[in-house]
Each structure stands twice: as C-alpha cells, then as structure tokens.
Amino acid sequence: MLGHDIVLDENAFTTASKEMADLVTRTTALRDNLQSLYEAVQKALDTPAGHALTFTATNVLLQPINDLLAVVEHTSSTLNQIIGTGYYKDVFVKFEELNSSIQ
C-alpha cells in the first residue's frame, strides 16, 4: 500500500510544458549564438589554430548543448502529449487495482 497519496496536477503539467517550450527556445538561441561566435572566430583566424578551434567548439562545446536540446525537446513533446489525457492517473489507478487484487 502506498504510504503517501500521489497528486497529479494538470495545471502543473501545463506550466511545466510552457516552461520546457521556453527552455527549448532559449537553448536553441544559445547554441545558435555560440555557433555564430565560433564561425566568426574561425574566419578571423584562417589558420590551423582557427580550424582546431572550430573542431573543438563543435565537438566539445556545441555537442553537449545539442544533446541537452534533444532531451529538452523530447521532454517538452512528452508533456504536450500527456496533458489532459489522464495518462499518469490511469497508471496509478491500475497500480492500485493490481495491488488490491494481490492482497
């Protein structure tokens, strides 16, 4: 038996969805700004060092931001899909039914 009630708040899901969408926008802008900065530096340093900087920027600095963006976009999409569907409520109802039938 659960020791605490789990409360599913649709308003909280809606708020989280809006905040995640905003985070997607801000993360995309950050990535784009950094990419533009690194491209400008590469043009200014048209040398092997400038090319190494671009490689480092892409693989070391921008890739983690792209990875973060993928996670945030997936989370945002998932929230949008479950809002108003009762998805998680059904999970807990079925859990309680299963738990009751076992006892």
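Nothing here was measured: the structure is a model prediction, and the numbers come from that model.

Chemist: With reference to specific residues and values, describe the overall build of the chain.
Modeler: A count of helical and extended segments in the chain gives three helices and zero strands. Reading the secondary structure of the chain in the N-to-C direction produces α-α-α. Expressed along its principal axes, the backbone C-alpha trace of the chain runs to roughly 70 × 25 × 20 Å. By residue count, 17% of the 103 residues in the chain fall in the buried class. A separation of at least 24 residues holds for 83% of the contacts in the chain among residues at least 6 apart in sequence. Roughly 7600 Å² of accessible area belongs to the chain as shown, and the carbon and sulfur atoms make up 61% of that amount. Averaging the locations of the 6 positively and 13 negatively charged side chains of the chain gives two centres separated by 4 Å.

Chemist: Run through the nonpolar core, naming residues and quoting values.
Modeler: Ranked by size, the top nonpolar core spans seven residues in total: Phe13, Met20, Val24, Leu69, Val72, Leu79 and Ile82. For this core, the secondary structure elements donating two or more residues are α1 (10-44) and α2 (48-82). In terms of residue count, the dominant contributor to this core is α2 (four residues). Each residue touching Leu69, except ones within four places of it in the same chain, is listed here: Val24, Thr27, Thr28 and Arg31.

Chemist: Residue-level account of the environment of Val41, with values.
Modeler: Mapped onto the elements of the fold, Val41 is located in helix α1. Sequence separation between Val41 and Leu53 is twelve residues, and the spatial gap between their C-alpha atoms is 8.2 Å.

Chemist: Can you break down the confidence of the model for the chain residue by residue, with the values?
Modeler: Of the residues in the chain, 94% reach a pLDDT of 70 or more, and the chain-wide mean stands at 83. Of all secondary-structure elements in the chain, the lowest mean pLDDT belongs to helix α3 (residues 87-102), at 79, while α1 reaches the highest, 89.

Chemist: Summarise the environment of Glu96; cite the residues concerned and give the values.
Modeler: Summarising the element assignment, Glu96 is placed in helix α3. Glu96 gets classed as partly exposed once you look at its relative accessible area, which sits at 31%.

Chemist: Which residues make up the environment of Ser77, and what values go with them?
Modeler: As for its placement among the helices and strands, Ser77 is situated in helix α2. Each C-alpha atom, one on Ser77 and one on Ser17, is 8.2 Å from the other, the two residues being 60 residues apart in sequence.

Chemist: How would you summarise α2 if you had to cite specific residues and measurements?
Modeler: Three or four residues apart is the spacing at which side chains of an α-helix point the same way, because the helix has 3.6 residues per turn. The first and last C-alpha atoms of α2 sit 50 Å apart over 35 residues, in line with the 51 Å expected at 1.5 Å per residue. The largest bend in α2 is about 45°, located at Leu62, with the proline Pro64 one to four residues further on. Residues of α2 that are buried: Gly50, Ala57, Leu62, Ile65, Leu69, Val72, Ser76, Leu79 and Ile82. Next to the buried residues of α2 lie α1 and α3.

Calculation rules
- Residues numbered from 1 in each chain as written.
- Predicted model: local features only at pLDDT ≥ 70, side-chain atom pairs only at ≥ 80, totals over all residues.
- Heavy atoms only, no water.
- Helix = DSSP H or I, 4+ residues; strand = E, 2+ residues; numbered from the N terminus.
- Buried < 20%, exposed > 50% of the residue type's maximum accessible area, 1.4 Å probe, protein only.
- Contact = heavy atoms within 4.5 Å.
- Areas by Shrake-Rupley, 256 points an atom, 1.4 Å probe, with all protein chains shown as cover.
- Lys, Arg positive; Asp, Glu negative; His and termini not counted.
- Charge placed at Lys NZ, Arg CZ, Asp CG, Glu CD.
- Core = buried A, V, L, I, M, F, W, Y, C linked by side-chain atoms within 4.5 Å.
- pLDDT = per-residue confidence, 0-100.
- Expected span 1.5 Å × (residues − 1).
- Bend = angle between axes of the 7 residues up to and from the residue.

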